[in-house]
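Structural description and commentary
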Amino acid sequence: MESDVFGKLVVSEATKFVTKYNTCSNLQLHSQELSSTNEKLEKTVQGIETYGINKHSIMQQNNFLSQRHSIESLEKTIQEILALVTKQNFIVQENNLHCQKLNSNIESLEKTTQGIVTLVTKQSSIMQENNFRSQELNSNLNNLEKTVQEIETHVIKQVWKVNSLEENVIKILQSVEKTLPETCADISDCQSGVYHIQPRTRCPYTFEVFCDQEYEGGGWLVIHNRYDGSVGFYRDWEEYEAGFGDLHGEFWLGLKKIHELTYAKPHELHIILEDIDGKVVTAHYDRFVVGGPETKYVLKSLGTYTGTAGDSLSIHAGMKFTTIDNDNDAPSRHQRHLNSHVSCQQQCTSFWRCKCAADYVNLREDSCISVMPSIDKEITQSSDGGESSGRVDSGQPPPDVVVTLVENARPIIL
């Protein structure tokens, strides 16, 4: 702005000077003014020069200040760059450490890779061997399949043969089963003894029995024999159900077998009692049926009584079987009055009983007589007026008892 002002002053003075210079009449008059103007111009020029010098100095000062600010900014930038370089150096150091670790891992991986390559090579070799073995196995498998087919064909043929043999065996078994007698009455042999029978041809249940082929024409199946006391009859339910003793001596055939016999065909019951003096009495019942295990082998039927021993068994019809460990009877009023503390199955052994009514088929020698002191000499079983004279004195063996069954109007001897 100041330079413009000085320029305008110079121009203005120059204009005045020219105007005066063009006026000839005023040249001389204005010479002094020209000199004065020159002086002023010189001063002005000096002022301009001084101003230029001052302006240059100011500009230099301004440039210095600007450069100083720039230098300060550059210093800050350099400091920031140095800090950044320091951080970068730290990062570079960390990266170098990381690179060292990576190099170590790479070396380890290279070793592992070499091991894997070695292993893969071995595996490849093994796979090649396995492929070769697989080919051999496939070949063997094909051979085996052919062999299996041949065996299957052979087996099929053998199965046909076995089926044919089974049919023949079944026929033979059926023929054999048919040859087994259903009861003693079917046995043609006149010799008494133990025989194998099958009461029902459609049922595979078979067992041995003693057949009496001499008494009244034979055909008698003995279910109970007791004569010398060699076998104890004071036994539990399981034994009476299965049977016990020796078929050639004293024995009880078994409730299960007796039930099977009486259900297979109609049977009669024949009881033979003999006392120590040799006197023999009998009791005969024409329709003897014993129920199955679900009924406790109930005495379902006896039929009509005939004989010389007296009918002491009909009162027990409809009663379940009783043993020492399975009491299925009820004490009578007379028995409760005499022995309220002793049960019936404790007094005697096992049989069908109604309220401990007297039966002398399975007397218990050591207790049955002692708890019935009124029956210590002659036994009187009289439900229909008949009598049996078997003596059962205390300490004496029980009377001989033979119980038989016979099929189709032939009795069982008991």
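Keep in mind that what you see is a predicted model, and the values were worked out from it rather than measured.

**A short note on the side chain of Asp212**
Mapped onto the elements, Asp212 comes out in strand E2 (residues 207-212). Reaching out from Asp212, the side chain makes a polar contact with the backbone nitrogen of Tyr215 at a distance of 3.1 Å.

**As for the packing of aromatic side chains**
Counted according to the given criterion, the structure contains 10 aromatic pairs. Geometrically, the ring pair formed by Tyr240 and Phe244 is edge-to-face, given 5.0 Å between the ring centres and 85° between the ring planes. In this structure, Tyr240 and Phe244 share a single accessibility class: buried. What links up through ring pairs into an aromatic cluster is the set Phe233, Trp237, Tyr240, Phe244, Trp252, Tyr297 and Phe321. The lysine or arginine in question, Lys256, covers the ring of Tyr205, its NZ or CZ lying 5.1 Å from the ring centre. Its guanidinium or amino end placed over the ring of Trp237, Lys296 lies 5.5 Å from that ring's centre, counting from NZ or CZ.

**Topic: the pairing of strand E3 (residues 220-226)**
In terms of burial, E3 is largely enclosed, as seven of its seven residues are buried. As paired strands, E2 and E3 are joined by three bridges and run antiparallel to one another. Bridging across to E3, Asp212 finds its partner in Trp220. Relative to strand E5 (residues 251-252), E3 runs antiparallel, the two being bridged by two bridges.

**Examining unusual backbone geometry**
Here the phi dihedral of Lys296 falls at roughly 60°; this positive angle occurs in a residue that is not glycine. Taking relative accessible area as the criterion, Lys296 reaches 30% and is therefore assigned partly exposed. Unusually for a residue other than glycine, Tyr297 sits at a positive phi of about 50°. With respect to the helices and strands, the residue Tyr297 is situated in the loop between strand E8 (289-290) and strand E9 (299-301).

Parameters and conventions
- Residues numbered from 1 in each chain as written.
- Predicted model: local features only at pLDDT ≥ 70, side-chain atom pairs only at ≥ 80, totals over all residues.
- Heavy atoms only, no water.
- Helix = DSSP H or I, 4+ residues; strand = E, 2+ residues; numbered from the N terminus.
- Polar contact = N/O pair within 3.5 Å; in protein donor to acceptor, adjacent residues only side chain to side chain.
- Phe/Tyr/Trp six-rings, centres within 6.5 Å; stacked < 30°, edge-to-face > 60°.
- Buried < 20%, exposed > 50% of the residue type's maximum accessible area, 1.4 Å probe, protein only.
- Lys NZ or Arg CZ within 6 Å of the ring centre and 35° of its normal.
- Pairing = 2+ DSSP bridges.

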